[in-house]
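Next come the chains, spelled out residue by residue.
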Amino acid sequence: RSYYTAAASAAAGSKSDFSSSWRRRPSITSTAAFSFSSSSDDDSPSTPTSSTSSPDNNNNHRQRALSLYRQLLRGAERMPTPNRQNYIKRKTRDEFRKHKSLTDQEEIEFQLRLADTNLDTVLVQAEHLSRLFGDPEYQNYN
């Protein structure tokens, strides 16, 4: 399991502790880029409408990827300690570099959804850890 997967699992359980002030940003997955074509034929399976490679679709993926990349790097700055900030930045850069040569549209969309989930996780963790580290009661345990 990756750090982000484990962190998302952990954050999901503790989200209710600070959900009153944390506002979830609108999810990218609800946009038209992920709409599925519905057909009336039961024999033909639904396929993503974005599976065809077009210049507009590629540009949309590029814009979304760059936006998520910048948001993840900015989200890292919200982490309360330099070690955590550096880890998030390094992990973000490594993952984006590793997947920059993808050409399969479905895999690209999957990676963009994963990056969106990772962004949510980073923002939740940053707020939670900032509150935890700022709590005088927590400081007494160290």
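Residues numbered from 1 in each chain as written. Predicted model: local features only at pLDDT ≥ 70, side-chain atom pairs only at ≥ 80, totals over all residues. Heavy atoms only, no water.

Each helix and strand in the protein was counted, giving five helices and zero strands. Walking the protein from its N terminus toward its C terminus, one meets helices and strands in the order α-α-α-α-α. A buried classification covers 31% of the 142 residues belonging to the protein. Put simply, the protein shows about 9400 Å² of open surface, and 49% of that area lies on carbon and sulfur atoms. (Helix = DSSP H or I, 4+ residues; strand = E, 2+ residues; numbered from the N terminus. Buried < 20%, exposed > 50% of the residue type's maximum accessible area, 1.4 Å probe, protein only. Areas by Shrake-Rupley, 256 points an atom, 1.4 Å probe, with all protein chains shown as cover.)

Our focus in this paragraph is helix H2 (residues 55-76). Taking 1.5 Å per residue, 22 residues should reach 32 Å; H2 reaches 31 Å between its end C-alpha atoms and fits that length. When we look at burial in H2, the residues that qualify are Asn57, His61, Arg64, Leu68, Leu72, Leu73, Gly75 and Ala76. End-on view of H2: buried residues confined to an arc of 165 degrees, all on one side of the axis. For H2, exposure combined with an orientation more than 90 degrees from the buried face picks out Pro55, Asp56, Arg62 and Arg74. (Expected span 1.5 Å × (residues − 1). Arc of directions from axis to C-beta.)

As a further point, take the packing of H2 against helix H3 (residues 82-98). Close contact between H2 and H3 brings their axes to 8 Å; oriented N to C, the two are set at 165 degrees. Judged on the interaxial angle alone, H3 and H2 are roughly antiparallel. Classified by chirality, the crossing of H3 by H2 is left-handed. When H2 is examined against H3, the residues Ala65, Leu68, Tyr69, Leu72, Leu73 and Ala76 are found in contact with a partner set consisting of Gln85, Ile88, Lys89, Thr92, Arg93 and Phe96. (Axes fitted to C-alpha atoms, helices over the stretch in contact; angles between N-to-C directions. Parallel < 35°, antiparallel > 145°, perpendicular 65-115°, else oblique. Left-handed = near helix turned anticlockwise from the far one by under 90°. Contact = heavy atoms within 4.5 Å.)

Before going further, it helps to spend a moment on the pattern of salt bridges. Enumeration over the complete set of coordinates arrives at four salt bridges. Here glutamate 77 and lysine 89 are joined by a salt bridge, their closest N and O atoms 2.3 Å apart. Taken as a pair, glutamate 77 in the loop between H2 and H3 and lysine 89 in helix H3 lie far apart in primary sequence, 12 residues in all. Residue arginine 131 is joined to glutamate 127 by a salt bridge in which the shortest nitrogen-to-oxygen separation is 3.4 Å. (Salt bridge = Lys/Arg side-chain N within 4 Å of Asp/Glu carboxyl O.)

Direction vectors running N to C along H2 and helix H4 (residues 105-134) enclose 20 degrees, while the axes themselves pass 10 Å from each other. One way to sum up the angle between H2 and H4 is to call them roughly parallel. Pair H2 / H4 crosses with left-handed handedness. When H2 is examined against H4, the residues Asn57, Asn58, His61, Arg64, Ala65, Leu68, Gln71, Leu72, Gly75 and Ala76 are found in contact with a partner set consisting of Gln105, Ile108, Glu109, Leu112, Ala115, Asp116, Asn118, Leu119, Val122, Leu123 and Ala126. In terms of residue class, the contact of H2 with H4 is built from 11 nonpolar, seven polar and three charged. (Nonpolar A, V, L, I, M, F, W, Y, C, P; charged D, E, K, R; others polar.)

Turning next to the packing of aromatic side chains. Taken as a whole, this structure holds one aromatic pair when the rule is applied. Ring geometry for tyrosine 69 and phenylalanine 96: centres 5.1 Å apart, planes at 70 degrees, overall edge-to-face. Of this pair, tyrosine 69 sits in helix H2 while phenylalanine 96 sits in helix H3, and the two are 27 residues apart along the sequence. Judged by relative accessible area, which is 22%, tyrosine 69 ranks as partly exposed. With a relative accessible area of 22%, phenylalanine 96 lands in the partly exposed category. (Phe/Tyr/Trp six-rings, centres within 6.5 Å; stacked < 30°, edge-to-face > 60°.)

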